[in-house]
Amino acid sequence: MEDPGERGTHRVEAFTDGFFAIVITLLVLDLRLPEESNGRSIEHQLVALWPVALAYIVSFVNIYILWVSHHELMRITTKADTGFLYLNGGLLLGVAIMPFSTSVLADHVNTSDATAPAALYTGALLWVALFFNLLWRYLCARPGRLLRSVSRQDRRRITRTQAVTLLLYLSAFGLAWLAPMASIAVTLGLAVFFAVADRLSGFASEDVADENEPRAS
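Each chain has its residues counted from 1, following the order in which its sequence is written. Only residues with pLDDT of at least 70 are given local features in this predicted model, and only at 80 or more are side-chain atom pairs given and counted; all residues enter the totals for whole chains, interfaces and linings. Side-chain calculation: all heavy atoms of the structure are included, whereas hydrogens and water are not.

(A) Spatial organisation of the nonpolar core. Ranked by size, the top nonpolar core spans 42 residues in total, and within it Phe20, Ile63, Phe84, Leu91, Val95, Tyr121 and Trp136 carry the most contacts. The helix and strand labels rest on DSSP assignments: H or I over at least four residues marks a helix, E over at least two residues marks a strand, and numbering proceeds from the N terminus. The greatest single-element share of this core, amounting to 14 residues, is contributed by helix H5 (residues 115-140). Grouping buried Ala, Val, Leu, Ile, Met, Phe, Trp, Tyr and Cys residues that are joined through side-chain atoms within 4.5 Å yields what is termed a nonpolar core. Throughout this description, buried means an accessible area under 20% of the type-specific maximum (1.4 Å probe, protein chains only), exposed means over 50%, and partly exposed covers the range between.

(B) Region of interest: the packing of aromatic side chains. Two aromatic rings from Phe, Tyr or Trp, using only the six-membered ring of Trp, form a pair when their centres are within 6.5 Å; if the ring planes differ by under 30 degrees the pair is stacked, by over 60 it is edge-to-face, and anything between is tilted. Tallied over the full model, the rule gives six aromatic pairs. Centroid distance Tyr56 to Phe60: 6.1 Å. Interplanar angle 40°. Geometry classified as tilted. With a gap of four residues between them, Tyr56 and Phe60 both fall in helix H3 (residues 50-75), about one helical turn apart. Their ring planes at 45° and their centres at 5.5 Å tell us that Tyr64 and Trp67 sit as a pair that is tilted. Of this pair, Tyr64 and Trp67 both sit in helix H3, three residues apart, roughly one helical turn. Owing to a relative accessible area of 40%, Tyr64 belongs among the partly exposed residues under this scheme. What links up through ring pairs into an aromatic cluster is the set Tyr56, Phe60, Tyr64 and Trp67. Our definition puts a charge over a ring when NZ of Lys or CZ of Arg is within 6 Å of the ring centre and also within 35 degrees of the ring normal. Lying across the ring of Tyr138, Arg142 places its NZ or CZ 3.7 Å from the centre.

Shown next, in the form of structure tokens:
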């Protein structure tokens, strides 16, 4: 009999997708011209926005690719229990900080005070990577909640990749204290790399209607 604490993934997917959409929308709120032009032309004001625009683009890419990774994780997950929901909430906490960390970074990206903003920014991504790892390991400890097409070898491979991912984001966080802008570039490179690597796709789909069929826990 199915544990009453276990459910399908539709509600958590819908909530998480809406959460990501709101966060990405909030990013664009900092893209606005100053209220006072101080005699500068529109062209000059737009050019002066480059730190905000750059921070927006980097954050958009990071958050969107993270959403894609989370979508792929949910695609191969058949059940979400209370523990999974709390871990997913921990991941979303890091995502929620991204608009704030992006705004702080944009305000200081071209100054000598960029160290702490870069550390805040990379720290938020490190937090997300940590909880993504915890989510995956939680599922690996309960393989009955994954598609049958995800083999033991697949789980080991993805676990190794997740561990390396966490270490790379930890390295980016450490680099923020030495070379702030280089650490931001590393996070962008990591996001693009993992988008190309497509860590969680390629598994055969299963009929969601079969999720009530008894599975090994």
